[in-house]
Each structure stands twice: as C-alpha cells, then as structure tokens.
Amino acid sequence: QLTMSLNSSTLLNEENAQGPKRNTECLESLELQTPSSFQDNLLQQLKLASQEVLEKAKKSGRSKCPRCSSSRMFYCYTCFVPVETVPTKEIPAVKLPLKIDIIKHPNETDGKSTAVHAKLLAPDDVTIYKYPCIPEYEEKRHEIALIFPGPNSVSVKDIAFHLQKYTKKGVYDNDDDCSREPFLKQAKVEPKEEEKSLNECISSKRSEGTRLKKIIFIDSTWNQTNKIITDERLQGLLQIELKTRKTCFWRHQKGKPDTYLSTIEAIYYFLVDYHQEILKENYKGQYDNLLFFFSFMYTLIKNAKCCVGKE
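The protein chain has the name tRNA-uridine aminocarboxypropyltransferase 1 in an unreviewed UniProt entry, where Pelecanoides urinatrix is given as its organism. Word for word, the UniProt comment on the protein chain under Subcellular location (unreviewed entry) is "Nucleus". What UniProt states about the protein chain under its Catalytic activity (unreviewed entry) heading is, verbatim, "a uridine in tRNA + S-adenosyl-L-methionine = a 3-[(3S)-3-amino-3-carboxypropyl]uridine in tRNA + S-methyl-5'-thioadenosine + H(+)".

Rendered as structure tokens:
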C-alpha cells in the first residue's frame, strides 16, 4: 500500500553555483506529476506550524547533521534529526494517541522514505526498524494492528470489534475485582445499581482488552512488500486498509491506484480516522503537523515543476 518519498537532498539543491541547468535536469529525471487542484486545496487546509525555518534552510543550502556530520537538506534521514540550520525547537512536536512501528525494507534508499518525517515530528511515539530486525508481536497481537490491504483487511471503524477475536482469553474471569465479591455481601446496594456497576466494570474490561495500542506500517515500494508482509512475525495480526484516501505524493508508482499512499500520508490519514471513528472526538488538526515536511516539499516540487515547464 505504501509508496515512498523522494530524496530531498537530491531534489532540493540549494540556489548556488550549480546553476539552473542541473536543477532542471534533476527535476526532469524525477518524472514528477502535475498536482491537481484537489491536492493543492487539501494541503492548504492543513493547520501547520510556521514553515519559515524550512524556507530559511532552503536558502542556506545543505547543512551538517549534528550527529554524523553528513551534508543534508532539512534533516538527516539516517540519524532522524534536523540539520544544524533547522533548530529542533522550531520543528513542531506531535503527540500521538498510540505507538507506531515502521518496518523499512532494507533495499529502500534512506533518502527516499517519508517515514523519517514521522520520527522527526513524533519522536516519542514512532520507532523505525530495518527489516529483518523487527519485534516479536505474537504476545500482544490483541492490541496491535497492521496497515496493509488484503482480502481480510478491515476499516478503521471496525478495529475494536475485530480485535476481540485476538484476545488470548476472556476479558474477565473469576479473579477479577468485578466478580471477586459475591453480590449478597455488598452492603446497601440496590439491585439496579449493583447490576449497573457490574456491567460498567465488564464493559470497561472489554474495552481495555480490545484497545489498540500500536499500529505497524511497512515502508517500501509496493513491489518490495511481499517479503515483509509474509514474515511469520506479522502473521495473525489484524490488517487495516485505508480505502477512501487519495495520495498527494509527487512520485506515485505507475500502474497503482491513487489510494496507495506514501508512508507519512498513511500514518496521518489513519490517525485522523482513528481520532474520529475510535476516539469519537472532533478532529481539529491535532495531527496535521505530521505533514509539516511533506507539504513543504510538495509545494517546493510543484513550483519547481512549473519553472521547468516555462523554460
């Protein structure tokens, strides 16, 4: 399902002595698609932090990674940190309602992955693994789901219902606090209140037992996903498909539906749906800043493409 981002350090050459010719050749080689007005409007409606820091960094050109000293534009895609010209305090921090594991294909070029955006913007809630080094999920599969389309995949709104099938035992038993004390020994409790209390406790435990705590995304091109998705460690996990969203990605894989999203888009749209369908809360842009880098690059590439077309 997930397509990849392009290498920003290749595309976003600083405005220096390399000249316009090289930039033009670079843009043409990327086979960029002309964005639709629908995509423009979608990204313009996001509630984003100021991107002035990225504008300044673009004008300054490439800078050093504070950890490995590599020359990068905006951020280091191997260390998952902003470069020296992009102070961390000027990058928005997004708090997520659950943890996210991203499994990256070993043959996927680091600089092409939008997964790093999630790690940069939600560092406390996102972990990136390079396949085959991934966790064992078997013991907690009742609270974990995998974003991947398939014949048995479900929609976001059906997560809670289907997670019930993955619980290893009943959601409550004779040792639970709810059922430890016989009803007759509970002093001065009216039958209706007593029944209500028990039902609330059972409901609470069922909710706890089927609550999603972690979501997994595969970070690779569509043709590379088979090796990861067939890994025995991912078998038996609930699979979720995002069927209604369309990509704004500028390097969409040919022959694939426009519902195949880049990794950061998939993460963003899943969280928006999760917020509305599972948390049952109005969405007010809480996760929009996950597209902080993505939207900036989209606009940059669109403008550069327009310039190429005019030459």
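We are not done yet, so read on.
*Asks:* Sorry, what's going on with the environment of Thr 225 here?
*Replies:* Structurally, the position occupied by Thr 225 is in helix H9 (residues 225-229). Exposure remark for Thr 225: the relative accessible area of 5% places this residue in the buried category. Residues Thr 225 and Lys 104 lie 121 residues apart in sequence; the distance between their C-alpha atoms is 9.5 Å. For Thr 225, the contacting residues outside a window of four places in its chain are Phe 148, Ile 218 and Ser 220.

*Asks:* I would appreciate a short explanation of the environment of Ser 69 in the present structure.
*Replies:* Along the chain, Ser 69 falls in the loop between strand S1 (63-64) and strand S2 (71-72). On the basis of relative accessibility, which here comes to 47%, the residue Ser 69 falls in the partly exposed class. In sequence terms Ser 69 and Val 83 are 14 residues apart; their C-alpha atoms lie 8.9 Å from each other.

*Asks:* I'm lost on the nonpolar core in this one. Help?
*Replies:* Grouped together as the largest cluster of nonpolar side chains are 58 residues, with contacts concentrated most on Ile 100, Ile 215, Phe 270 and Leu 290. Here this core takes nine residues from helix H10 (residues 263-277), the largest share from any one element. Residue contributions to this core reach at least three from each of two domains, namely domain 1 (48-91) and domain 2 (95-164 + 210-310). Not counting residues up to four positions away in its chain, the partners in contact with Ile 215 are Leu 98, Lys 99, Ile 100, Asp 101, Ala 145, Leu 146, Ile 147, Ile 240 and Phe 270. Core analysis: the next-biggest nonpolar cluster, separate from the first, contains 13 residues, Ile 103, Ile 216, Ile 218 and Leu 234 among them.

*Asks:* How do you make sense of helix H4 (residues 52-60) when you look at a structure like this?
*Replies:* Every α-helix carries 3.6 residues per turn, so stepping three or four residues along brings you back to the same face. Taken together, the buried positions of H4 are Val 53, Leu 54, Ala 57 and Lys 58. For H4, the arc enclosing every buried residue in end-on projection is 140 degrees, short of the 170-degree limit, so these residues lie on one face. Those residues of H4 that are exposed and angled more than 90 degrees off the buried face are Lys 56, Lys 59 and Ser 60. Count one or two residues on from H4 and you reach Gly 61, which has phi positive near 90 degrees.

*Asks:* Hey, could you run me through the packing of aromatic side chains in this one?
*Replies:* A ring pair, where both rings are aromatic, is described by two values, the distance of the centres and the angle of the planes. Per the counting criterion, the structure on display carries seven aromatic pairs. Taking the centre distance of 5.3 Å and the plane angle of 85 degrees together, the rings of Phe 292 and Phe 293 count as edge-to-face. An identical accessibility class is assigned to Phe 292 and Phe 293; each is buried. Directly above the aromatic system of Tyr 77 lies the positively charged group of Arg 72, at a separation of 4.2 Å from the ring centroid.

*Asks:* Got a minute to help me understand unusual backbone geometry in this structure?
*Replies:* Phi is mostly negative for residues that are not glycine, and the peptide bonds are mostly trans. The omega torsion across Tyr 131 and Pro 132 is 15 degrees, close enough to zero to call that bond cis. Locating Pro 132 in the fold gives a position in the loop between strand S6 (126-130) and strand S7 (144-147). Positive phi, close to 65 degrees, is recorded for Ser 69, a residue that is not glycine. Although it is not a glycine, Lys 280 sits at a positive phi angle of roughly 55 degrees. Counting through the fold element by element, Lys 280 comes out in the loop between H10 and helix H11 (292-310).

Calculation criteria
Residues numbered from 1 in each chain as written. Predicted model: local features only at pLDDT ≥ 70, side-chain atom pairs only at ≥ 80, totals over all residues. Heavy atoms only, no water. UniProt positions renumbered as here; feature names shortened; annotations may be inferred. Helix = DSSP H or I, 4+ residues; strand = E, 2+ residues; numbered from the N terminus. Buried < 20%, exposed > 50% of the residue type's maximum accessible area, 1.4 Å probe, protein only. Contact = heavy atoms within 4.5 Å. Core = buried A, V, L, I, M, F, W, Y, C linked by side-chain atoms within 4.5 Å. Domains from an automatic or database assignment. Arc of directions from axis to C-beta. Phe/Tyr/Trp six-rings, centres within 6.5 Å; stacked < 30°, edge-to-face > 60°. Lys NZ or Arg CZ within 6 Å of the ring centre and 35° of its normal.

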